[in-house]
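Notes for the structure review
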Amino acid sequence: DAGITQSPRHKVTETGTPVTLRCHQTENHRYMYWYRQDPGHGLRLIHYSYGVKDTDKGEVSDGYSVSRSKTEDFLLTLESATSSQTSVYFCAISESVLAVNEQFFGPGTRLTVL
Amino acid sequence: QQQVKQSPQSLIVQKGGISIINCAYENTAFDYFPWYQQFPGKGPALLIAIRPDVSEKKEGRFTISFNKSAKQFSLHIMDSQPGDSATYFCAARLYTSGTYKYIFGTGTRLKVLA
């Protein structure tokens, strides 16, 4: 998985609790992305980062926040988890905007909100 | 306008047959069209990709056909094998807000029968 790890890999939590997912890369890639994957919806972009402390919203950002204090780490926080946030979350990385800009995906985190 | 429509949702093919998955888009600003392969429990992995100035790209048994005027592209898997059984996602890349973003299709679950 191109030097990308996600933690935890599985998590069960209760509605209303905060949850933080971590993405760690060893590739020193500039761009990092958080997606959620749901049946019938494919992969939808939640937030992305184009550098340390530089982040922006994707198409399904409501209820999520992110932080990137180091190149290698990109955190996704569910401020108050809801059942609609039950999903599989994938982190992705990519390098230069001038090159092919291939995205590499992590192994995913399966989150269940009860 | 940023959607990528993918069909079919699922596909069953006999070993040795041809698997065909189709995608359509509207936004002419998309500049790169990758296909991803995903096995259960794993993150998506880039399979093959094409730029809109090329009508066809072949890598081994996998071929992308691209029709710019119709705004359609398709993945052909020749001599399909049981090991090809996976979920396939098409995607389209868009440069916006200073970075590249990918819009994904909803996925096609392929099963190749032995």
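Residues numbered from 1 in each chain as written. Chains lettered and ligands numbered in written order. Predicted model: local features only at pLDDT ≥ 70, side-chain atom pairs only at ≥ 80, totals over all residues. Heavy atoms only, no water.

1. As for the overall build of chain A
When its secondary structure is counted, chain A shows zero helices and 11 strands. The linear arrangement of helices and strands in chain A, starting from the amino end, is β-β-β-β-β-β-β-β-β-β-β. For 114 residues, the compact-globule formula gives about 13 Å, and the C-alpha radius of gyration of chain A, at 13 Å, lands near that figure. Per-residue burial over chain A gives 47% buried out of 114 residues. Put simply, of all contacts in chain A between residues at least 6 apart along the chain, 56% involve residues at least 24 apart. With an accessible surface of roughly 5,100 Å², chain A has 50% of that area assigned to carbon and sulfur atoms. (Helix = DSSP H or I, 4+ residues; strand = E, 2+ residues; numbered from the N terminus. Rg over C-alpha atoms; globule rule 2.2 N^0.38 Å. Buried < 20%, exposed > 50% of the residue type's maximum accessible area, 1.4 Å probe, protein only. Contact = heavy atoms within 4.5 Å. Areas by Shrake-Rupley, 256 points an atom, 1.4 Å probe, with all protein chains shown as cover.)

2. Notes on the state of the cysteines
All names here are of chain B. Following the criterion strictly, the structure yields two disulfides over all chains and no others. Sulfur-sulfur distance for the disulfide between Cys23 and Cys90 comes to 1.9 Å. Handedness of the Cys23-Cys90 disulfide follows from its S-S torsion of about -95°: it is left-handed. Of the two residues, Cys23 is situated in strand β3 (residues 19–25) and Cys90 in strand β9 (residues 86–96); the sequence distance between them amounts to 67 residues. The two residues Cys23 and Cys90 agree in class, both being buried. (Disulfide = S-S within 2.5 Å.)

3. Some thoughts on the nonpolar core
Ranked by internal contacts, the top residues of the largest apolar core, which has 26 residues, are Val4(B), Phe30(B), Phe33(B), Trp35(B), Phe73(B), Leu75(B) and Tyr88(B). Among the secondary structure elements, those contributing two or more residues to this core are β2 (10–14), β3, β4 (33–38), β5 (45–50), β7 (62–67), β8 (72–77), β9 and β11 (108–113) of chain B. Here the element with the most residues in this core is β9(B); it accounts for five residues. If you look at the next biggest cluster of nonpolar residues, it comprises 19 residues, including Ile4(A), Leu21(A), Val66(A) and Cys91(A). (Core = buried A, V, L, I, M, F, W, Y, C linked by side-chain atoms within 4.5 Å.)

4. So, the interface of chain A and chain B
Taken together, the 23 residues of chain A in the interface contact 20 residues of chain B. For the pair chain A and chain B, the two sides together bury roughly 1,800 Å², of which 53% comes from carbon and sulfur. Remark: the boundary between chain A and chain B carries zero salt bridges. If you list the elements that add at least two residues to the side of chain A that touches chain B, you get β4 (31–38), β5 (42–51) and β6 (54–57) of chain A. Of the residues contributing to the side of chain A that touches chain B, the split by class is 12 nonpolar, seven polar and four charged. (Buried area = accessible area lost by both parts, 1.4 Å probe. Salt bridge = Lys/Arg side-chain N within 4 Å of Asp/Glu carboxyl O. Nonpolar A, V, L, I, M, F, W, Y, C, P; charged D, E, K, R; others polar.)

5. Points about the side chain of Gln25(A)
Residues and elements named next belong to chain A. Among the secondary structure elements, Gln25 is positioned in strand β3 (residues 19–25). A polar contact of 2.7 Å, which involves the side chain of Gln25, links it to the backbone oxygen of His29. At 3.2 Å, the side chain of Gln25 and the backbone oxygen of Thr71 are in polar contact. Residues in contact with Gln25, not counting those within four places in the same chain, are Gly3, Ile4, Met32, Arg68, Thr71, Glu72 and Ile93. (Polar contact = N/O pair within 3.5 Å; in protein donor to acceptor, adjacent residues only side chain to side chain.)

6. Here's the deal with the pairing of β3(B)
All names here are of chain B. Along β3, the buried face is formed by Ser19, Ile21, Cys23 and Tyr25; none of Ile20, Asn22 and Ala24, which line the opposite face, is buried. Bridge count between strand β1 (residues 4–7) and β3: four bridges; the pairing is antiparallel. The partner of Val4 across the bridge, within β3, is Tyr25. By the bridge criterion, six bridges tie β3 to β8 in an arrangement that is antiparallel. Following the sheet pairing, Ile21 is matched in β8 by Leu75. (Pairing = 2+ DSSP bridges.)

7. Observations regarding the sheet that holds β8(B)
Residues and elements named next belong to chain B. Across the sheet, five strands lie side by side as β1-β3-β8-β7-β6; this open sheet has antiparallel pairing. Every other strand in the sheet has two partners, leaving β1 and β6 (56–59) as the edge strands with one partner each. Strand-to-strand twist across the sheet, computed as the mean angle between neighbouring axes with direction ignored, equals 15°. By the bridge criterion, four bridges tie β6 to β7 in an arrangement that is antiparallel. Following the sheet pairing, Glu59 is matched in β7 by Phe62. (Axes fitted to C-alpha atoms, helices over the stretch in contact; angles between N-to-C directions.)

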